[in-house]
Amino acid sequence: MKLLQNILISILLMAGSLQAQEQNEPAINWLSFEQLSDSLETQPKPVLIFFHTDWCSYCKKMLGETFQDQKVIEKLNSEYYAVEFDAESVDTVSFDGVSYVSELNSKRTGKYHPLASILMGSKNRAVFPTTMILDTDFSVKFKKFNYLSIKQLLNIL
């Protein structure tokens, strides 16, 4: 019985330790478009928007590598607002006083959210990942339709 108690206590301590480590890891402060509207009104800053899809392997690579880098995190969190958006989302999104409603009830590959289509500006075919940087007046400063390494993104920022 005592051995079982010791094992349980050890497991709980390890789980608590892992959870504490996870909470201390820095991460990008991703905003929704709704939060972005409010933030831009309060304190204008340039904006990075990262459009991705569930099926895009290079999108996942950027989320798992590029956006996990300490220097990228520090730069984005201090100098930019960052928005991560699933381009195939079916959610209604409010931005700048306008509601953007998807015509679809469920996600479908190749069918993009109206807000993503407007901002990406691709009339024929979208390419993912898409990374955009916008000035404080929301004019496009940079747009790239492919994977960006840590070094490439830092050079752009």
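In this report, the structure presented in the accompanying data block is examined. Since the model is a prediction, treat every value here as computed from it, not as a measurement.

**Here we look at the overall build of the protein**
Line of reasoning, step 1. A count of helical and extended segments in the protein gives 6 helices and 7 strands.
Line of reasoning, step 2. Secondary structure of the protein in N-to-C order comes out as α-β-α-β-α-α-β-β-β-α-β-β-α.
Line of reasoning, step 3. Expressed as a percentage of the 157 residues in the protein, the buried residues total 34%.
Line of reasoning, step 4. Sequence separation of 24 or more characterises 64% of the internal contacts of the protein that already satisfy a separation of 6 or more.
Line of reasoning, step 5. A total of about 9700 Å² of accessible surface is found on the protein, and carbon and sulfur atoms cover 51% of it.

**Examining the sheet that holds strand S3 (residues 81-86)**
Line of reasoning, step 1. The mixed open sheet is built from 5 strands, whose spatial order is S1-S3-S2-S6-S7. Of all strands in the sheet, those bounded by a partner on one side alone are strand S1 (30-31) and strand S7 (140-144).
Line of reasoning, step 2. Sheet analysis places strand S2 (residues 47-52) next to strand S6 (residues 130-134), joined by 5 bridges and oriented antiparallel. Looking at the pairing, Val47 lines up with Leu134 of S6.

**Observations regarding the pattern of salt bridges**
Once their charged atoms are close, side chains differing in charge can pair, the charge on each being opposite to the other.
Line of reasoning, step 1. This structure, assessed with the given rule, holds 3 salt bridges.
Line of reasoning, step 2. Notably, a salt bridge pairs Asp54 with Lys107, separated by 2.5 Å at the nearest N-O pair. Of this pair, Asp54 sits in the loop between S2 and helix H3 (57-64) while Lys107 sits in the loop between strand S5 (98-100) and helix H5 (114-120), and the two are 53 residues apart along the sequence.
Line of reasoning, step 3. Note on Asp54: relative accessible area 45%, which makes it partly exposed.
Line of reasoning, step 4. Using a relative accessible area of 37% as the deciding quantity, one classes Lys107 as partly exposed.
Line of reasoning, step 5. The salt bridge involving Asp86 is made with Lys107; its shortest N-O contact spans 2.2 Å. Taken together, the residues Asp86 in strand S3 and Lys107 in the loop between S5 and H5 connect sequence positions 21 residues apart.
Line of reasoning, step 6. Overlapping salt bridges bring together Asp54, Asp86 and Lys107 as one network.

**What about unusual backbone geometry?**
In most cases, non-glycine residues show a negative phi, while peptide bonds are predominantly trans.
Line of reasoning, step 1. Look at the link from Phe128 to Pro129: it is a cis peptide, with omega at 0°.
Line of reasoning, step 2. Within the secondary structure layout, Pro129 lies in the loop between H5 and S6.
Line of reasoning, step 3. A positive phi angle, close to 55°, is found at Asp96, a residue other than glycine.
Line of reasoning, step 4. Relative to the helices and strands, Asp96 is located in the loop between strand S4 (93-95) and S5.
Line of reasoning, step 5. Its identity is not glycine, yet Phe138 carries a phi of approximately 70°, on the positive side.

**Overview of the state of the cysteines**
Line of reasoning, step 1. Summed over the entire model, instances satisfying the criterion amount to 1 disulfide.
Line of reasoning, step 2. With its sulfur 2.3 Å from that of its partner, Cys56 forms a disulfide with Cys59. Between Cys56 and Cys59 the sulfur-sulfur dihedral comes to about 85°; the bridge is accordingly right-handed.
Line of reasoning, step 3. Classification of Cys56 by relative accessible area gives buried; the value is 4%.

Cut-offs applied
- Residues numbered from 1 in each chain as written.
- Predicted model: local features only at pLDDT ≥ 70, side-chain atom pairs only at ≥ 80, totals over all residues.
- Heavy atoms only, no water.
- Helix = DSSP H or I, 4+ residues; strand = E, 2+ residues; numbered from the N terminus.
- Buried < 20%, exposed > 50% of the residue type's maximum accessible area, 1.4 Å probe, protein only.
- Contact = heavy atoms within 4.5 Å.
- Areas by Shrake-Rupley, 256 points an atom, 1.4 Å probe, with all protein chains shown as cover.
- Pairing = 2+ DSSP bridges.
- Salt bridge = Lys/Arg side-chain N within 4 Å of Asp/Glu carboxyl O.
- Disulfide = S-S within 2.5 Å.

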